[in-house]
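Structural characterization, general
Here is what each chain is made of, one letter per residue.
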Amino acid sequence: MPSHKTGRKLTRSHTTIIEKARDVVSALERQPDVTKISLGIIKQIGLGKPAVKFHPITGGFRCIVRGNVSIQEIWVYVRGDEAETLGVQAKVLALFE
């Protein structure tokens, strides 16, 4: 069930978040290299196993989080170079192991 989340690094335009994405966002908020997190669309897709995918964007990456019955896009902006971005992604991947 989607809920709402606010925080210092989160944009205020959209605050609805799926359950598995809440864990991801909480982990991202604790990373010092993450400067901004923008929550994106939520789509209902049916039953499945939680997973995550990353797509590079200028200044960070787009994170697609799959929960049990829905997916959500999260746009993550990272300070630094590709090494810092990969480090942040590794911390998110650890949540799905």
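Residues numbered from 1 in each chain as written. Predicted model: local features only at pLDDT ≥ 70, side-chain atom pairs only at ≥ 80, totals over all residues. Heavy atoms only, no water.

Focus: the nonpolar core
If you look at soluble globular proteins, the nonpolar side chains tend to sit buried side by side. The line we're drawing: The set of buried Ala, Val, Leu, Ile, Met, Phe, Trp, Tyr and Cys residues whose side-chain atoms join them within 4.5 Å is what this entry labels a nonpolar core. When accessible area is computed with a 1.4 Å probe and restricted to protein chains, residues below 20% of their type maximum are described as buried, those above 50% as exposed, and intermediate ones as partly exposed. Here a helix means four or more residues in a row that DSSP labels H or I, a strand means two or more in a row labelled E, and each is numbered from the N terminus. Here a residue-residue contact requires only that any non-hydrogen atoms of the pair lie within 4.5 Å.
If you look at the biggest cluster of nonpolar residues, it comprises 18 residues, and the most contacted ones within it are Val24, Leu28, Phe61, Cys63, Val65, Ile74 and Val76. Secondary-structure elements contributing two or more residues to this core are α1 (19–29), β3 (34–44), β5 (60–66), β6 (70–78) and α2 (82–94). The element best represented in this core is α1, accounting for four residues. Aside from chain neighbours lying at most four places away, what touches valine 65 is Ile18, Lys20, Ala21, Val24, Ala51, Val52, Ser70, Ile71, Gln72, Ile74 and Phe96.

Section: the environment of phenylalanine 61
Here phenylalanine 61 shows up in strand β5. With 28 residues separating them along the chain, phenylalanine 61 and glutamine 89 place their C-alpha atoms 8.7 Å apart. Setting aside residues no more than four positions away along its own chain, phenylalanine 61 makes contact with Leu28, Phe54, His55, Pro56, Ile74, Trp75, Val76, Val78, Thr85, Val88 and Gln89.

With respect to the pairing of strand β4 (residues 51–57)
Applied cut-off: DSSP-based pairing: two strands are paired if at least 2 bridges between them are found.
Summarising the sheet, β4 and β5 pair through seven bridges and their orientation is antiparallel. Note on β5: the bridge partner recorded for alanine 51 is arginine 66. Hairpin connection from β4 to β5: two residues lie between these consecutive antiparallel strands, with glycine 59 at a positive phi of about 90°.

Some details on α2
The condition that has to hold: Expected span of a helix, by definition, is 1.5 Å for each gap between consecutive residues, and there is one gap fewer than residues. For this quantity, the arc is that covered by the directions from the helix axis to the C-beta atoms. For the purposes of these results, a polar contact is taken to be a pair of N or O atoms within 3.5 Å, where, inside protein, one atom must be able to donate a hydrogen and its partner to accept one; residues adjacent in sequence count only when each atom of the pair is a side-chain atom.
With 13 residues, α2 should cover 18 Å at 1.5 Å per step; its first-to-last C-alpha distance of 18 Å lies within 8% of that length. Regarding α2, the residues found buried are Thr85, Val88, Gln89 and Val92. Relative to the axis of α2, the buried residues are bounded by an arc of 100° and lie together on one face. The N-cap of α2, judged by a side-chain oxygen 3.2 Å from the amide nitrogen of alanine 83 a few residues on, is aspartate 81.

Functional significance is not addressed by these values, which are geometric in nature.
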